[in-house]
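Observations on the model geometry
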Amino acid sequence: MGTFGTAALASMEKQLPWFRRMPAQQRSWIGLVAQAGIAAFVEWFKSAEESRPAIADEVFGTAPRELMRSIKLKHTIDMVRVIIDVVETRLDDLAAPGGEAQLREAILRYTRDVAFGAAQVYAQAAETRAAWDARLEALVVNAVLRGEVDDGMHSWAAALGWTSKPVTVIAGFTPEDEEPEVIIDQMQLAARRARVDVLAGVQGHRVIVIVGGADDPLEAARPVAAKCGPGPVVVGPPVDDLYDSTTSARAALAGLRAAAGWPDAPRPVMADELLPERALDGDDEARRYLIDQVYDPMCAAGAPLLDTLTTYLEQGSSLEATARLLFVHPNTVRYRLRRVTELTGLAPTDGRNAFTLRIALVLGRFGTRPART
């Protein structure tokens, strides 16, 4: 057995480039596997067919777990092929007179069983790793939703191979009668087709998807939305990395709750497009944004701007009616409305933007109302 094992290692050294690059300790482990494989063949050949031992346990049981991570299944098959070649070169010396054909047939059957045994070992390892990855993925998603984005969570993400930037969080509803594992698998498949990375989690009737490496978050969300159930799919704002992903997650979930207020919202829809509904639904972040980024800039620009916008909205977006009430030329109204667009990014002439501006005006005035006595 020792002679065959040494010959097998020498042949692998000569024929397999990946074997030559391995550390000495791992090569010695492979030597043990090779000797175990040859010894197991001898025992297998001597035993009656109904009492032959399980090959996977006999051959691969001698290898430590670390070897499984170092050698791919393809390499294992190459290794088995080299060992069998070494044995076949000495077939005439091994076989009893007239038993060469019987021994050759036994080697072929043994090789088949070794290949199936190797596939079973690697399949079990893959299932274990997949289950572990699924637990880590759920932990990362839960940590993002709870705001517990610390170094520990980044370690979990790193174990999953996550290095993508920027990051966007997508929230939607689960398909009916679908198992969580199936939903997550579908999200992963859609992400691979879109060439982005995702971490997905199912929480009750909600599905949360963290997308990384997407240049256009809304475009990256389309294949994900196709796998979600009926209802809105909301895309949080993009952030730099996982450390900031809680911000995107809060916006996406707030948008998902408030999306009922805009039945005709596109699918998917950015959370920032749902700012007025979110503000009405009690989302403090949306309220602060509308006050800080919409109301305050207009207020700083002067009272005429606010008066013009207020009158324009109250007069059903009529330029002429606004100009008459303010005693100004319609071109003055147009100029002030353009100024509103420059300051806020919202055009008062657009129905949806006009609704957002109206909510911002109301929220801003709440902050300026006198204290009650």
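Provided above is the structure to which this section pertains.
Here we summarise the structure given alongside this text. This one's a predicted model, so the numbers in the text were calculated from it and none came from an experiment.

Thresholds, definitions, all that
Residues numbered from 1 in each chain as written. Predicted model: local features only at pLDDT ≥ 70, side-chain atom pairs only at ≥ 80, totals over all residues. Heavy atoms only, no water. Helix = DSSP H or I, 4+ residues; strand = E, 2+ residues; numbered from the N terminus. Buried < 20%, exposed > 50% of the residue type's maximum accessible area, 1.4 Å probe, protein only. Contact = heavy atoms within 4.5 Å. Areas by Shrake-Rupley, 256 points an atom, 1.4 Å probe, with all protein chains shown as cover. Patch = residues over 30% accessible without salt bridge, like charges linked within 9 Å, V, L, I, M, F, W, Y side chains within 5 Å. Salt bridge = Lys/Arg side-chain N within 4 Å of Asp/Glu carboxyl O. Lys, Arg positive; Asp, Glu negative; His and termini not counted. Charge placed at Lys NZ, Arg CZ, Asp CG, Glu CD. Axes fitted to C-alpha atoms, helices over the stretch in contact; angles between N-to-C directions. Parallel < 35°, antiparallel > 145°, perpendicular 65-115°, else oblique. Nonpolar A, V, L, I, M, F, W, Y, C, P; charged D, E, K, R; others polar. Pairing = 2+ DSSP bridges. Core = buried A, V, L, I, M, F, W, Y, C linked by side-chain atoms within 4.5 Å. Phe/Tyr/Trp six-rings, centres within 6.5 Å; stacked < 30°, edge-to-face > 60°. Lys NZ or Arg CZ within 6 Å of the ring centre and 35° of its normal.

What follows is about the overall build of the chain. When its secondary structure is counted, the chain shows 18 helices and five strands. Scored against the burial criterion, the 373 residues of the chain give a buried share of 43%. Excluding contacts between residues fewer than 6 apart, the proportion of contacts in the chain whose partners are at least 24 apart in sequence is 66%. Here the chain displays about 20200 Å² of accessible surface, and carbon together with sulfur accounts for 52% of that area.

The grouping of Glu176, Asp177, Glu178, Glu179, Glu181 and Asp185 at the surface amounts to a negative patch. With respect to the helices, strands and loops of the structure, Glu176 is situated in the loop between β1 (167-173) and α10 (180-194).

Quick look at the packing of helix α14 (residues 284-300) against helix α15 (residues 303-314) now. Contact geometry of α14 with α15 gives a least axis separation of 6 Å together with a crossing angle of 125°. One element, α14, and the other, α15, form an angle in the oblique class. Contacts between α14 and α15 pair Tyr295, Met298 and Cys299 from the former with Leu305, Leu306 and Leu309 from the latter. A class-by-class count of the residues in the contact of α14 with α15 yields six nonpolar, no polar and no charged.

Another point: the sheet that holds strand β5 (residues 269-270). The strand order β2-β3-β1-β4-β5 describes an open sheet built from five strands, whose pairing is mixed. The open sheet has two free edges, formed respectively by β2 (197-203) and β5, since each of these has just one partner strand. Examined bridge by bridge, β1 and strand β3 (residues 206-212) share seven bridges and lie antiparallel to one another. If you follow Gly172 over to β3, its bridge partner there is Val207. Taken strand by strand, α10 contacts β2 and β3, and its axis lies near 160° from that of β2.

Here we come to the nonpolar core. Membership of the largest hydrophobic core comes to 29 residues, with the highest contact counts inside it found for Met12, Trp18, Phe19, Ile30, Phe41 and Ile107. Ignoring anything within four residues of it in the chain, the contact list for Phe41 reads Leu103, Ala106, Ile107 and Tyr110.

Turning next to the environment of Asp177. For Asp177, the location among the structural elements is in the loop between β1 and α10. Given the relative accessible area of 82%, Asp177 is considered exposed. Separated by 52 residues in the primary sequence, Asp177 and Gly229 have C-alpha atoms spaced 10.0 Å apart.

Attention shifts here to the pattern of salt bridges. Pairs can form between side chains of opposite charge once their charged atoms are near each other. Applying the stated criterion across every chain, the model contains six salt bridges. The partner of Glu219 in a salt bridge is Arg222, with the nearest N and O atoms 3.2 Å apart. Of the two residues, Glu219 and Arg222 are both situated in helix α11 (residues 217-227); the distance of three residues between them amounts to about one turn of the helix. Its relative accessible area of 45% is what places Glu219 among the partly exposed residues. Residue Arg352 pairs with Glu277 through a salt bridge whose shortest N-O separation is 2.6 Å. In this pair, Arg352 is assigned in helix α18 (residues 351-368) and Glu277 in helix α13 (residues 275-280), connecting sequence segments 75 residues apart. Judged by its relative accessible area of 22%, Arg352 is partly exposed.

A cis amide bond, omega 0°, links Arg267 with the succeeding residue Pro268. Secondary-structure assignment places Pro268 in the loop between α12 (245-258) and β5. The residue Arg195 is not glycine, and still its phi comes out positive at about 60°. Relative to the helices and strands, Arg195 resides in the loop between α10 and β2.

Attention shifts here to the packing of aromatic side chains. For the structure shown, the criterion picks out one aromatic pair. With 6.2 Å between their ring centres and 90° between their planes, Trp18 and Phe19 make a pair best called edge-to-face. Here Trp18 and Phe19 have matching classes, each one buried. Lying across the ring of Trp262, Arg352 places its NZ or CZ 3.6 Å from the centre.

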